[in-house]
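# Structure assessment
Below, each chain spelled out in residue letters.
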Amino acid sequence: MSNWDGFQREETERESAITGKHRVVVTEVDEAVTGPNSKNPGTPMIVIKLRPSGRRFTVTHRVVKNDYFNRNMTQFFDAFPEITFGDFNFLSWVGAEGAAMFKEGTNGYTELAYFLSPERAADLPPFEGDKPERQTISSLDDAEDDDSDLPF
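Report follows, based on the coordinates. Quantities reported herein were computed from a predicted structural model and do not represent experimental measurements. (Residues numbered from 1 in each chain as written. Predicted model: local features only at pLDDT ≥ 70, side-chain atom pairs only at ≥ 80, totals over all residues. Heavy atoms only, no water.)

## Regarding the side chain of Thr 43
Along the chain, Thr 43 turns up in the loop between strand E1 (20-33) and strand E2 (44-52). Separated by 2.6 Å, the side chain of Thr 43 and the backbone oxygen of Asn 40 make a polar contact. Dropping the residues within four chain positions of it, Thr 43 is found in contact with Ala 32, Val 33, Thr 34, Val 64 and Lys 65. (Helix = DSSP H or I, 4+ residues; strand = E, 2+ residues; numbered from the N terminus. Polar contact = N/O pair within 3.5 Å; in protein donor to acceptor, adjacent residues only side chain to side chain. Contact = heavy atoms within 4.5 Å.)

## Some details on the nonpolar core
The biggest cluster of nonpolar side chains holds 23 residues, and the ones touching the most others in it are Ile 48, Phe 76, Phe 80 and Trp 93. Where this core is concerned, the elements lending two or more residues are E1, E2, strand E3 (59-64), helix H1 (69-79), strand E4 (97-104) and strand E5 (110-115). It is H1 that provides the largest number of residues to this core, a total of five residues. Not counting chain neighbours up to four residues away, the residues in contact with Phe 76 comprise Val 26, Ile 48, Ile 83, Trp 93 and Phe 115. Ala 99, Leu 116, Ala 121 and Leu 124 belong to the second-largest nonpolar core, a separate cluster that totals five residues. (Core = buried A, V, L, I, M, F, W, Y, C linked by side-chain atoms within 4.5 Å. Buried < 20%, exposed > 50% of the residue type's maximum accessible area, 1.4 Å probe, protein only.)

## A short note on the pairing of E1
Note that E1 and E4 share six bridges and pair antiparallel. Note on E4: the bridge partner recorded for Val 24 is Gly 98. (Pairing = 2+ DSSP bridges.)

## With respect to the pattern of salt bridges
Taken as a whole and assessed by the stated rule, the structure comprises three salt bridges. For the salt bridge of Arg 9 with Glu 11, the shortest nitrogen-to-oxygen distance reads 2.5 Å. A residue is classified by how much of its surface remains accessible, and Arg 9, at 69% relative accessible area, is exposed. Among the salt bridges present, the one from Arg 134 reaches Glu 82, with a minimum N-O distance of 3.6 Å. Of this pair, Arg 134 sits in the segment after E5 while Glu 82 sits in the loop between H1 and E4, and the two are 52 residues apart along the sequence. When its relative accessible area of 30% is taken as the criterion, Arg 134 is described as partly exposed. (Salt bridge = Lys/Arg side-chain N within 4 Å of Asp/Glu carboxyl O.)

## Details of the side chain of Ser 53
Looking at where Ser 53 falls in the secondary structure, it is placed in the loop between E2 and E3. Excluding anything up to four places from it in sequence, Ser 53 contacts Arg 23, Pro 126, Phe 127 and Glu 128.

## Topic: the packing of aromatic side chains
Throughout the structure, instances matching the rule amount to twelve aromatic pairs. Centroid distance Phe 77 to Trp 93: 5.8 Å. Interplanar angle 85°. Geometry classified as edge-to-face. Of this pair, Phe 77 sits in helix H1 while Trp 93 sits in the loop between H1 and E4; the two residues are 16 residues apart in sequence, bridging distant segments of the chain. Note on accessibility: Phe 77 and Trp 93 belong to one class, buried. One aromatic cluster in this structure is built from Phe 69, Phe 76, Phe 77, Phe 80, Phe 85, Phe 88, Phe 90, Trp 93 and Phe 115. (Phe/Tyr/Trp six-rings, centres within 6.5 Å; stacked < 30°, edge-to-face > 60°.)

## A look at the environment of Ile 137
Here Ile 137 lies in the segment after E5. When the C-alpha atoms of Ile 137 and Pro 52 are compared, they prove to be 25 Å apart, with 85 residues separating the residues in sequence.

## Description of the sheet that holds E1
Reading across from one edge, E3-E2-E1-E4-E5 is the order of the five strands in this open sheet, with antiparallel pairing throughout. Edge positions in the sheet fall to E3 and E5, since each of these pairs with one other strand and no more. For this sheet, the mean angle separating the axes of adjacent strands, direction not counted, is 50°. Contacts between H1 and the sheet are confined to E1, E2, E3, E4 and E5, with E3 contributing the most and set at about 135° to the helix. (Axes fitted to C-alpha atoms, helices over the stretch in contact; angles between N-to-C directions.)

## Considerations on the environment of Asp 123
Secondary-structure assignment places Asp 123 in the segment after E5. For Asp 123, a relative accessible area of 60% translates into the label exposed. With 67 residues separating them in the primary sequence, Asp 123 and Arg 56 have C-alpha atoms 22 Å apart.

Function cannot be read off these values alone, since they describe shape.
Written out as structure tokens, the structure is:
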């Protein structure tokens, strides 16, 4: 008797790549660095996972801190009006809705071509599917300075 005697073929259906304009939601954001095989290993980057509307999969997009960083982040912030422009508190990005143009990559998977401004996405239907709950961030600086109700 072998450990592998119970093997049976199992079919799975891979979702095909999507192309064109789609609403998206941010599902995860992390800081990372470029790998050893990149042009500039160890360069800081932001890794953003996006879920297109009506899909179960996510698309990973990397924004590297290079000569194009400001342009790429401007496009990102413009595409996600729920995120305060210039706010790099990544936890607050999760659950934000925006829109993007997708293409089929060389390996047959969906890739992000570019982000869409709200004006260019105005004709898209509302986002469909599961999305993470939007996180709100507050700091101690946000507390009111009114100490009049303190007993001491």
